[in-house]
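Observations on the model geometry
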Amino acid sequence: MDVASRAFGDLDRRYRLREPLEYQLNKRIPAHLNWTNCFGGITFVCFSLQALTGILLAFYYKPTMAEAYTSVLRIMEEVPFGAFVRGLHAWTANVMIFMATLHMLKVFFISAYRPPREFTWVSGVFLFFVSV
């Protein structure tokens, strides 16, 4: 028995993971669902990454006229993984706007904004324009 299956067996005995995991992995997906249904979820993941990396960057960034540039240089050059976190923050901002636009267009074109979901559409459009 390899290490991975032994470790999963130990976790399964303690937390009973196998049954809910098998249920989720063997669930039948309706034929009308496809990859375009992931646009909203990808937008949420990008937002979560924005929040996490923003918090991490806020520990080192100093938003004053005298120290802003030097704090960004410090993040990029001295902070461990600072350049990576800053790059991830910058790229996920662009990806989030792109995915939110795709999600909004998909919802509009399949008319998913009709009652009883009209408030969801209005709140989503509001969030989109606030984020841009």
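In this report, we go over the structure that sits alongside the text. (Residues numbered from 1 in each chain as written. Predicted model: local features only at pLDDT ≥ 70, side-chain atom pairs only at ≥ 80, totals over all residues. Heavy atoms only, no water.)

1. Quick notes on the packing of aromatic side chains
Applicable threshold: Working definition: rings of Phe, Tyr and Trp (its six-membered ring) pair if their centres are within 6.5 Å, and the pair is stacked with planes under 30 degrees apart, edge-to-face with planes over 60 apart, and tilted otherwise. To sort residues, take the accessible area from a 1.4 Å probe on protein chains only and compare it with the maximum for the residue type: under 20% means buried, over 50% means exposed, and anything in between is partly exposed.
According to the stated counting rule, one finds five aromatic pairs in the structure shown. When the centroid spacing of 5.5 Å and the interplanar angle of 70° are considered together, the rings of Phe108 and Phe109 count as edge-to-face. Take Phe109: its relative accessible area is 63%, and that puts it in the exposed class. Each residue in the set Phe108, Phe109, Tyr113 and Trp121 is aromatic and connected to the rest through ring pairs, giving one cluster.

2. As for the layout of surface pockets
Stated formally: Put simply, the grid is 1 Å and covers the protein atoms alone, a cavity is a trapped set of points that fit a 1.4 Å probe, a pocket is an open set with protein on both sides within 12 Å along at least five of seven lines, and lining residues have an atom within 4 Å of a point. Grid points are joined across faces, edges and corners, and a volume is the space filled by probe spheres set on the points. Per the convention used, a helix needs a DSSP run of H or I reaching at least four residues, while a strand needs a run of E reaching at least two, with both numbered from the N terminus. Residue type decides the class: Asp, Glu, Lys and Arg count as charged, Ala, Val, Leu, Ile, Met, Phe, Trp, Tyr, Cys and Pro as nonpolar, and the leftover types, Gly among them, as polar.
Of the pockets and cavities examined, the largest pocket occupies roughly 600 Å³. Looking at the largest pocket, it is lined by 19 residues, and the ones nearest its centre are Thr43, Ala100, His103, Gly124 and Leu127. Breaking the lining of the largest pocket down by element, the ones donating at least two residues are α3 (39–58), α5 (82–109) and α6 (118–131). For the lining of the largest pocket, the per-class residue count stands at twelve nonpolar, six polar and one charged.

3. Some thoughts on the pattern of salt bridges
The line we're drawing: The working definition used for a salt bridge is a side-chain nitrogen of Lys or Arg within 4 Å of a carboxyl oxygen of Asp or Glu.
Applying the stated rule across the entire model yields three salt bridges. Here Asp12 and Arg18 are joined by a salt bridge, their closest N and O atoms 3.5 Å apart. Classification of Asp12 as buried rests on a relative accessible area of 18%. Residue Arg18 is classed as partly exposed on the basis of its relative accessible area, which comes to 39%. The salt bridge partner of Glu78 is Arg74, with a shortest N-O separation of 3.6 Å.

4. Focus: the packing of helix α4 (residues 68–77) against α5
Put simply, the test is: In this description, a line fitted to the C-alpha atoms serves as the axis of each element, helices being fitted only across the stretch in contact, and the angle between N-to-C directions of two axes falls anywhere from 0 to 180 degrees. Angles are sorted into four bins: roughly parallel if under 35 degrees, roughly antiparallel if over 145, roughly perpendicular if 65 to 115, and oblique for all others. In what follows, residue pairs with any heavy atoms lying within 4.5 Å of each other are defined as contacts.
Contact geometry of α4 with α5 gives a least axis separation of 5 Å together with a crossing angle of 110°. Of the possible angle classes, the one that applies to α4 and α5 is roughly perpendicular. Mapping the contact onto sequence places Val72, Ile75 and Met76 in α4 and Gly82, Ala83 and Arg86 in α5. Of the residues assigned to the contact of α4 with α5, the class counts are four nonpolar, one polar and one charged.

Treat this as a map of the structure, not an account of what it does.
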